[in-house]
Amino acid sequence: MKLRTKLTFFNAISKLVIVTLFVALLPSLIKNINRNYTDSRLRKQRDQVLQTIKQNGIKYYMEDGNSYAGYTPIKDVYVSIDRDTLNEDLDDIKNEVRKVEADTIQYRILSNNFRVDKKNYLLEIGISLDTVNERTGPLQNIAFLVLLVMVILTIAADQLYSDYILRPLGFIIKTKLVGSKFPNFGTYKKVETSTDDFLLLDVSIHQMVQTIESAFQKEREFISNASHELMTPISILQSKIENMFEEEDVADELKVRLLEMQRILNRLKSITKTLLLISQIENDQFLKEDNIRISSLLQEVYDEISIRLQDKNINYEVNIKDDFTLVNVNKFLLFNLLFNLINNAIKYNKESGTISVEAVKENTAYVVKIVDTGIGISSDDLPFIFNRFKKLRQSLQQDSFGLGLPIVKSIAEFHHIKIEVESLKDVGSTFKLVFAGTTIG
Amino acid sequence: MNVLIIEDEKALARELEIFLSNSNYICEVCYDGSSASEKVGVNLYDFILIDLGLPDYDGLDLLKEAKKSNPDAAYVILTARAEINDRIKGLDMGADDYLAKPFSLLELQSRMQAITRRKFGLKNNVIVLGEFSVNLTDRLITHSAAEVSAITKKEFDLIAYLILHKNRTVTRNQLSEHIWGSIINDDYDSNYIDAHIKNIRKKLTAFAPVEWLETVRGLGYKIKINT
């Protein structure tokens, strides 16, 4: 999961949890606030009543010693003063039911004993609980709505900000990690950001890439220079041997030995030429301007290779289920790729074995499969078959120097062809080439 | 025919000179661009072999310069710089052929002969081998007016190459360099030349004996033509 997505998730979830918690707590909170508020109102009323009595005497409320009771028309508030026979010292507030005229109403009631003229009185002030609760609902709704809007606003703000602040990271990932094609990394573009961490990350990646790039560059230059430099001495030796071969006073016996020398020189020449070819491919020195049908390319390879098939009496089957045209490719290189794979299939095949070559469309991709009935590759060796100069045990008896598959790999990478290899020891190998969509016409 | 060899690697220039002199070319050798530039200004050559990697001169510049004073000469570029761009540039500038080092001397000779044939339009390209006649232009082998159609392209290439270097032993290496030279692969000791020759013999002896195609034991093959 991406960092941005994770942050967004965390943000939203944490806020939602807090809001839910708050909304759940809201009724009891509001109830509490309401009670405190009601209680303080009750106390104020009591103080007012007691003040009035102090100033005007108890008679202000109670004429002839009759009890006093007063309430508003909707009976949400009532006040009663009565003689108290019990000699208590009440001063508390609690919820009780009172019957006012025909209505039974739940009240929050303040009860207070006071003495005037050596007589005990009981003052009760009630506020209807319905009135109290009436306010709770709307309050809760408003609080919830306001919160919701605020949460949405903060999530949006968070989103925008994390978008903004993480943009450099996205850029680094897109252009420096995913976008850069190994080993050609392209040019360096500094990341625009004020976040130190990203700057550090960018610079560190850049430095690592530079190190890798320069190591690659050096290796390529070395191979290219070394093989170029070897060409001239090989050339001189080859010419010298050929000229000696032509001389009339050289005995046949000596000529055979010259030929041995030439054969060894040939081996050196092949290795050098192959290394040079690989370095040229890796340095992008080949044009990709050819268009060719896979069927005709396979035919050309067959024309070159049929003598080898015949020599080993191999049954060669070509099955073009779906013919396709390769565009913007290098025909010379693709020819060599197929030649090497099929040549390997012959070399490592058994006498009178079978090779089947198939061109087919699998799902959306065009593939060429080369299946042989050869000696196969053990699973221990499989990861190393594309390494230069890696000669596997079973291939030692063959005339090869371990550069066939490295060429195949270089050419495949140059054309964005994916190679999949499956092999069973002593049963055979399958090399599958998956062509990139961009090279299909 | 006069050949100017422009090659800074003296040992190689010397071998080229020996080989081409033995093949009856008249050779002159230059080891650097400036002396070559003087020579092409004064003399006329049939062939100019230019090494692109000269110490004092860009080989392609020299080619351009030489074309002015020697427009009729045939130019063959020799180089260890096997970059394709050079190749395209060289051929665009009017080089007739291109050989990447290291090359076989026989290959150089056959390229030069091909250029000569092209330039002078040699018509007599039918060679008689025993009861067969080989038409190098139409790439046909006939036996008493009937075409021997079983011969493949590769097999014909082999026969043509041996005819070109007639009466001379051509080694398997030289043959395989000519036949498979452009293919880059992992084999350094392929003996498929023998298989090809075996096929050629089998296909041709169905019509007539092929004693003109000789195996030189341990060395290679030879086509004998009595001149």
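S.K.: Lay out the packing of helix α4 (residues 252-282) of chain A against helix α7 (residues 404-414) of chain A with the relevant residues and their values.
M.R.: Residues and elements named next belong to chain A. Contact geometry for α4 and α7: axes closest at 9 Å, N-to-C directions at 20 degrees. Classified by the angle between their axes, α4 and α7 sit roughly parallel to one another. α7 is crossed by α4, and the crossing has left-handed handedness. Across the interface between the two elements, T274, L277, I278, I281 and E282 of α4 pack against P406, I407, S410, I411 and F414 of α7. The class makeup of the residues in the contact of α4 with α7 is 7 nonpolar, 2 polar and 1 charged.

S.K.: Please set out the interface of chain A and chain B residue by residue, giving values where relevant.
M.R.: The interface is formed by 45 residues belonging to chain A together with 34 residues belonging to chain B. Contributing elements (two or more residues each) for the side of chain A that touches chain B: α3 (196-246), α4, α5 (294-311), α6 (331-347) and α7 of chain A.

S.K.: Could you give an account of the sheet that holds strand β10 (residues 170-171) of chain B, naming the residues involved and the relevant values?
M.R.: Read across the open sheet, the 3 strands follow the order β10-β12-β11 (chain B); overall the sheet is antiparallel. The sheet terminates laterally at β10 and β11 (213-216) of chain B, the two strands that pair on one side only.

S.K.: Describe the nonpolar core, with residues and values.
M.R.: B:F47, B:I48, B:L49, B:I50, B:Y75 and B:V76 are the most contacted members of the largest nonpolar core, which totals 59 residues. Contacts of B:I50, omitting those with residues within four sequence positions, involve B:I6, B:G59, B:L62, B:L63, B:Y75, B:I77 and B:L78. Residues A:Y348, A:L405, A:V408 and A:L433 belong to the second largest nonpolar core, which totals 42 residues.

S.K.: Lay out helix α7 (residues 172-180) of chain B with the relevant residues and their values.
M.R.: Most of α7(B) sits inside the fold, with 7 of its 9 residues counted as buried. Residues B:R172, B:N173, B:Q174, B:L175, B:S176, B:H178 and B:I179 constitute the buried set of α7(B). Looking at the buried positions of α7(B), the neighbouring elements they touch are α4 of chain A together with α5 (105-120), α6 (153-164), β10, α8 (192-205) and β12 (220-223) of chain B.

S.K.: Outline unusual backbone geometry, supporting the account with residue identities and numerical values.
M.R.: In this chain, B:K101 is followed by B:P102 through a cis amide linkage whose omega measures -5 degrees. Non-glycine residue A:S352 carries a positive phi angle of around 60 degrees. Relative to the assigned elements, A:S352 resides in the loop between α6 and β9 (354-362). The phi dihedral of B:S144 is positive, around 40 degrees, even though this residue is not glycine. Its place among the elements puts B:S144 in the loop between β8 (140-143) and β9 (146-147). Since 9 C-beta atoms lie within 10 Å of it, B:S144 is described here as exposed.

Cut-offs and rules
Residues numbered from 1 in each chain as written. Chains lettered and ligands numbered in written order. Predicted model: local features only at pLDDT ≥ 70, side-chain atom pairs only at ≥ 80, totals over all residues. Axes fitted to C-alpha atoms, helices over the stretch in contact; angles between N-to-C directions. Helix = DSSP H or I, 4+ residues; strand = E, 2+ residues; numbered from the N terminus. Parallel < 35°, antiparallel > 145°, perpendicular 65-115°, else oblique. Left-handed = near helix turned anticlockwise from the far one by under 90°. Contact = placed C-beta atoms within 7 Å. Nonpolar A, V, L, I, M, F, W, Y, C, P; charged D, E, K, R; others polar. Pairing = 2+ DSSP bridges. Core = buried A, V, L, I, M, F, W, Y, C linked by C-beta atoms within 7 Å. Buried ≥ 20, exposed ≤ 12 C-beta atoms within 10 Å, placed from the backbone.

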